[in-house]
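Below are the chains, spelled out letter by letter.
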Amino acid sequence: GEIHFVDGEIYNAMFDQLRGEEAFFQMLKFREGNFVLNPNFHADARLINMSAEMLLLEGMRRFDEDNR
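Since we're looking at a predicted model, the values are computed, not measured.

K.L.:
Help me understand helix 1 (residues 21-28), please; the structure alone is not making it clear to me.
P.N.:
The periodicity of an α-helix, 3.6 residues per turn, causes residues three or four positions apart to be oriented the same way. Of all the positions in helix 1, only Ala23, Phe24, Phe25 and Met27 are classed as buried. Residues of helix 1 that are buried sit in contact with strand 1 (2-6), strand 2 (9-15), strand 3 (18-19) and helix 2 (52-66).

K.L.:
Please explain the nonpolar core as it appears in this structure.
P.N.:
Nonpolar side chains in soluble globular proteins generally cluster together in the buried interior. One finds Ile10, Ala13, Phe15, Ala23, Phe24, Phe25, Met27, Ile48 and Leu55 forming the largest nonpolar core, which totals nine residues. The element best represented in this core is helix 1, accounting for four residues.

K.L.:
Just checking my understanding: could you explain the side chain of histidine 4 for this structure?
P.N.:
You can see histidine 4 is positioned in strand 1. Aside from chain neighbours lying at most four places away, what touches histidine 4 is Glu9, Ile10, Tyr11, Asn12, Met14, Phe41 and Ala43.

K.L.:
Got a minute to help me understand the pairing of strand 2 in this structure?
P.N.:
Along a regular strand, successive side chains alternate from one face of the sheet to the other. When strand 1 meets strand 2, the two strands line up antiparallel, connected through five bridges. By the bridge assignment for strand 2, valine 6 is matched with glutamate 9. Between strand 1 and strand 2, which follow one another and run antiparallel, lie two residues, and aspartate 7 among them has a positive phi close to 50°. With two bridges connecting them, strand 2 and strand 3 associate as antiparallel partners. Bridge assignment links phenylalanine 15 to a residue of strand 3, and that residue is leucine 18. Between strand 2 and the antiparallel strand that follows it, strand 3, lie two residues; aspartate 16 among them carries a positive phi value of about 50°.

K.L.:
I tried to follow helix 2 on my own but got confused; where do I start?
P.N.:
Between its first and last C-alpha, helix 2 extends 21 Å over 15 residues, near the 21 Å set by a 1.5 Å rise per residue. When we look at burial in helix 2, the residues that qualify are Leu55, Glu58 and Gly59. Buried residues in helix 2, looked at end-on, bunch into an arc of 100°, giving them a common side. Facing away from the buried side of helix 2 by more than 90 degrees, the exposed set consists of Glu53 and Leu57. On its buried side, helix 2 packs onto strand 2 and helix 1.

K.L.:
I would appreciate a short explanation of unusual backbone geometry in the present structure.
P.N.:
Leaving glycine aside, a negative phi is the common case for residues, and trans is the common case for peptide bonds. Of note, the phi angle at aspartate 7 is positive, near 50°, even though the residue is not glycine. Assignment of secondary structure puts aspartate 7 in the loop between strand 1 and strand 2. Even without being a glycine, aspartate 16 presents a positive backbone phi close to 50°. Tracing the backbone through its elements, the reader meets aspartate 16 in the loop between strand 2 and strand 3.

Conventions we followed
Residues numbered from 1 in each chain as written. Predicted model: local features only at pLDDT ≥ 70, side-chain atom pairs only at ≥ 80, totals over all residues. Heavy atoms only, no water. Buried < 20%, exposed > 50% of the residue type's maximum accessible area, 1.4 Å probe, protein only. Helix = DSSP H or I, 4+ residues; strand = E, 2+ residues; numbered from the N terminus. Contact = heavy atoms within 4.5 Å. Core = buried A, V, L, I, M, F, W, Y, C linked by side-chain atoms within 4.5 Å. Pairing = 2+ DSSP bridges. Expected span 1.5 Å × (residues − 1). Arc of directions from axis to C-beta.

Structure (structure tokens):
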């Protein structure tokens, strides 16, 4: 998956066929992984308008509901 940042804000996420917030929420479930930073990357379009805090809160809420 990919998470795109612009000026410290999350602009987009991609995982399999998912894009935007749903892709971010899927990746939030991972318990381990690796990451690579590409300082030359430029995001095309902003698909996520939630703040990082709101994304994490919503993602954790969904995670909690899935594990009940």
